[in-house]
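A structural walkthrough
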Amino acid sequence: MTDLTPLTEIETLKKAIRYRAEHRGTKEADWLIGGFIRSHISDFSNEEIHHLKSLVDLDDESFFKQVDSPQKPYLMLIQLFKTYKDSL
């Protein structure tokens, strides 16, 4: 039998973030942003998860504008993303 325990709000957000990060519209963005999320999503606090959700909900152009010139509340998230990208 399967466990039908309802997901918490944070678990639901994490699932939505993973999906959006891996289904962006271009293979390159799916691979880059999806890989970052897969590597780091378990490291984020609940507050950071909320910011991460709004970041991945941006279209690709807006997302990469944040990478070039990060604004609050994305500063720490973008720094982690840049570190991940540079390690590839």
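Keep in mind that this is a model prediction, so the values were computed, not measured. (Residues numbered from 1 in each chain as written. Predicted model: local features only at pLDDT ≥ 70, side-chain atom pairs only at ≥ 80, totals over all residues. Heavy atoms only, no water.)

Considering unusual backbone geometry
- Here Lys72 and Pro73 are connected by a cis peptide whose omega angle stands at 5°.
- The residue Pro73 is located in the loop between helix 4 (60–68) and helix 5 (75–86) in this model. (Helix = DSSP H or I, 4+ residues; strand = E, 2+ residues; numbered from the N terminus.)

What about helix 1 (residues 9–22)?
- Between the first and last C-alpha of helix 1 there are 20 Å, a value that for 14 residues agrees with the 20 Å anticipated at 1.5 Å per step.
- Taken together, the buried positions of helix 1 are Ile10, Leu13, Lys14, Ile17 and Ala21. Taken end-on, helix 1 shows its buried residues confined to a sector of 100°, consistent with a single buried face. Helix 1 presents Lys15 and Tyr19 as exposed residues on the side facing more than 90 degrees away from its buried surface.
- In this structure, the buried side of helix 1 is in contact with helix 2 (27–40) and helix 3 (46–56). (Expected span 1.5 Å × (residues − 1). Buried < 20%, exposed > 50% of the residue type's maximum accessible area, 1.4 Å probe, protein only. Arc of directions from axis to C-beta. Contact = heavy atoms within 4.5 Å.)

Limitation: the analysis is restricted to geometry and does not speak to function.
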